[in-house]
Amino acid sequence: MFVLIWTTLLFSVRGITADAGAAVKEHCDNGFCITLSEGEITAEAGLCVVIPCSFTTASDFRPKHMVWYKCEPYQRKCVDSDVILHTKNNNKVQSGFKGRVSLLEPDVSLRNCSIIINDLTESDSGLYQFRVQESGTKNGFTFSLKATVSVKGLTQKPTVMIPPLTEGQQTTLTCTAPGLCSGSDPKITWTWRGAGEKDSHITGNITAVTQRHSSTLTFNPSAEQHGTDVTCKVSFTNSITTEETVTLNVTYVKKPVITGMTSVKEGDALNLTCSVESFPPAVITWTKPDSNKNVIVLQNNTRTAALVIVNVTAEYSGRYICTAKHQITTLTTPAEVNVKFFPKFLSSPPCEVQSEVLTCVCISEGFPLPTITWPMLETHPEYSVIINKSSHTVISFTVSVKHRNCTVECVSSN
């Protein structure tokens, strides 16, 4: 499980939003005119809706207070029990609408009767009617034209912004809730699911700073998080939720790993595989430094490169290097290859006798490094052997004293 450092920013509404695409219609009656959306105003549960509205009154009418009603389609006219906003007497407002409805412009003299309704539920669908009341009297005028609002279930999803992710470099994910308003602060929760693990929840604090509801999640990506899912869940009032899940793509590369037998017999096949775990896939090559050329490579979508040499001989022994080039990073892993071959004698000078001293030289090459023995001289107490060794070659000198006539045999084995 990785450590997540979160910072949450939650935004509150400061501006105005209106339903897009709805035509407006003006209706006049006895000098009183109102302009409302002609068509259905659509909205989604959990968010908000704006009912655009403007009005004019007869010249002798002095507007002072504004009243909004919500009533059912079968009602010809809304009644007092249907009040959802009253600028003079808040006690008349239905309990379910208190705190959810507000004017976009409280100054009645500007003739702007637009309202915003927050924390919508599907039950808020219906007809909305406006009434203006005169100053100093109980007189008022209720406009017959109504606005139609249709609230459907929430289908909008949060927007999750993911910058490029690189292992070890701190990054921040941003989740923005749908809609420009909701009234009450929504709860934004981040959920991370690793491979084969249960969900891990991180819930942010709420701070009002500007118009959008948003949350940020800051962490250091790792290779283990590549391909895992992060979910942003937004919970509004009335148990209305929406979520968006994204898959993380983390740029990373791990050190090449070489598998296969590095010790083979002469005449057999050398078969080594270099595997590199990375995203995106790295370019893999095999080289043999002492040969000054690249070795033929087979590379496929499994992020591996195979080195195959059939019928190897001794000269194929040595260091091979697997190199992974990944964007601006290059990683290497070496492999020491040893080709086993039978001992073989190299040309040696003939035995010599000088001052009654017999000197013989035997040179043999092989891998593993062979040994040289002189079994026919083992019965002669007066002889000595000097041995020099290199990586694959052994040189043996035998010196025998006072044996002018004898048979000498050199035996090499590994």
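Keep in mind that what you see is a predicted model, and the values were worked out from it rather than measured.

Some thoughts on the overall build of the protein chain
Piece 1. Within the protein chain one finds 0 helices and 38 strands.
Piece 2. Only carbon and sulfur atoms are counted for the fraction: they give 50% of the accessible area of the protein chain, which is about 22,100 Å².

Things to note about the state of the cysteines
Piece 1. This model, assessed by the stated rule, comprises 7 disulfides.
Piece 2. Shown here is the disulfide that connects C28 with C33, its sulfur atoms set 2.0 Å apart. Handedness of the C28-C33 disulfide follows from its S-S torsion of about 115°: it is right-handed.
Piece 3. By relative accessible area, C33 is classed as buried at 12%.
Piece 4. Sulfur-sulfur distance for the disulfide between C53 and C113 comes to 1.8 Å. Sign of the S-S torsion, about -75° for the bond between C53 and C113, identifies this disulfide as left-handed.

Brief notes about the sheet that holds strand β6 (residues 53-56)
Piece 1. Reading across from one edge, β2-β3-β6 is the order of the 3 strands in this open sheet, with antiparallel pairing throughout. At either margin of the open sheet sits one strand with a lone partner, and together these are β2 (24-29) and β6. Between one strand and the next, the sheet's axes are offset by a mean angle of 15°, whatever the strand orientation.
Piece 2. Of the strand pairs in this sheet, β2 and strand β3 (residues 32-37) are connected by 6 bridges, and their pairing is antiparallel. Each bridged residue has a counterpart across the sheet, and for D29 the counterpart in β3 is F32.

Things to note about the nonpolar core
Piece 1. Within the largest apolar cluster, 59 residues are counted, with the highest numbers of intra-cluster contacts made by I51, W68, I115 and F130.
Piece 2. Per-element accounting of this core gives the leading share, 5 residues, to strand β7 (residues 63-71).
Piece 3. Non-local contacts of F130, meaning those with residues more than four positions away in its chain, are made with I34, F55, M66, V67, W68, C113, F141, T142 and F143.
Piece 4. Ranked by size, the runner-up nonpolar core spans 19 residues in total, among them V253, L270, C274 and W286.

Quick look at the packing of aromatic side chains
Piece 1. Tallied over the entire structure, the rule returns 8 aromatic pairs.
Piece 2. The interplanar angle of 15° and the centroid separation of 5.8 Å between the aromatic rings of F130 and F143 together place this pair among those described as stacked. Of the two residues, F130 sits in strand β11 (residues 126-134) while F143 sits in the loop between β12 (140-142) and β13 (147-152), which places them 13 residues apart along the sequence.
Piece 3. The class of F130 is buried, set by a relative accessible area of 0%.
Piece 4. Since its relative accessible area comes to 1%, F143 is described here as buried.
Piece 5. Pairing F141 with F143 gives two aromatic rings, centres 5.0 Å apart and planes at 80°, and the pair type is edge-to-face.

Let's talk about the environment of S150
Piece 1. Among the structural elements, S150 can be located in strand β13.
Piece 2. On the accessibility criterion, S150 (7% relative accessible area) is buried.
Piece 3. Through-space distance from the C-alpha of S150 to that of S123 is 9.0 Å; in sequence the pair is 27 residues apart.

As for the environment of T142
Piece 1. With respect to the helices and strands, T142 occurs in strand β12.
Piece 2. Judged by relative accessible area, which is 17%, T142 ranks as buried.
Piece 3. Between the C-alpha atom of T142 and that of Y69, which follows or precedes it by 73 residues, the distance is 10.0 Å.
Piece 4. The contacts of T142, once residues within four sequence positions are left out, are K77, Q129, F130 and R131.
Piece 5. Polar contacts involving the side chain of T142 include one to the side chain of R131, which spans 2.9 Å.

Focus: the sheet that holds strand β22 (residues 250-253)
Piece 1. Taken together, 3 strands build an open sheet; the order of strands is β15-β22-β26 and the sheet is mixed. Of all strands in the sheet, those bounded by a partner on one side alone are β15 (165-166) and β26 (278-279).
Piece 2. Both β15 and β22 contribute to a ladder of 2 bridges, which runs parallel. By the bridge assignment, L165 is partnered in β22 with V250.

A look at the side chain of T218
Piece 1. Counting through the fold element by element, T218 comes out in strand β19 (residues 214-219).
Piece 2. Reaching out from T218, the side chain makes a polar contact with the side chain of T172 at a distance of 3.0 Å.

Let's talk about the environment of F236
Piece 1. One can find F236 in strand β20 (residues 229-236).
Piece 2. Under the relative-accessibility criterion, F236 is labelled buried at 7%.
Piece 3. Distance from F236 to I188, taken between C-alpha atoms, is 9.1 Å for residues 48 residues apart in sequence.

Here's the deal with the pairing of β19
Piece 1. Among the 6 residues that make up β19, 6 are buried, leaving the element largely enclosed by the rest of the structure.
Piece 2. Side-chain alternation along β19 places S214, T216 and T218 on one buried face and S215, L217 and F219 on a second face that is also buried.

Focus on the pattern of salt bridges
Piece 1. On inspection of all chains with the given rule, the structure shows 4 salt bridges.
Piece 2. Ionic pairing is found between E224 and K254, a salt bridge with its closest N-O pair at 3.5 Å. Taken together, the residues E224 in the loop between β19 and β20 and K254 in the loop between β22 and β23 (257-259) connect sequence positions 30 residues apart.
Piece 3. When its relative accessible area of 54% is taken as the criterion, E224 is described as exposed.
Piece 4. For R319, the salt bridge is made with E336, and the minimal N-O distance between the two is 2.8 Å. Separated by 17 residues along the polypeptide, R319 in strand β31 (residues 318-326) and E336 in strand β32 (residues 329-346) bring together distant segments of the chain.
Piece 5. The partly exposed category is assigned to R319, whose relative accessible area is 42%.
Piece 6. For E336, a relative accessible area of 42% corresponds to the partly exposed category.

Procedures and definitions
Residues numbered from 1 in each chain as written. Predicted model: local features only at pLDDT ≥ 70, side-chain atom pairs only at ≥ 80, totals over all residues. Heavy atoms only, no water. Helix = DSSP H or I, 4+ residues; strand = E, 2+ residues; numbered from the N terminus. Areas by Shrake-Rupley, 256 points an atom, 1.4 Å probe, with all protein chains shown as cover. Disulfide = S-S within 2.5 Å. Buried < 20%, exposed > 50% of the residue type's maximum accessible area, 1.4 Å probe, protein only. Pairing = 2+ DSSP bridges. Axes fitted to C-alpha atoms, helices over the stretch in contact; angles between N-to-C directions. Core = buried A, V, L, I, M, F, W, Y, C linked by side-chain atoms within 4.5 Å. Contact = heavy atoms within 4.5 Å. Phe/Tyr/Trp six-rings, centres within 6.5 Å; stacked < 30°, edge-to-face > 60°. Polar contact = N/O pair within 3.5 Å; in protein donor to acceptor, adjacent residues only side chain to side chain. Salt bridge = Lys/Arg side-chain N within 4 Å of Asp/Glu carboxyl O.

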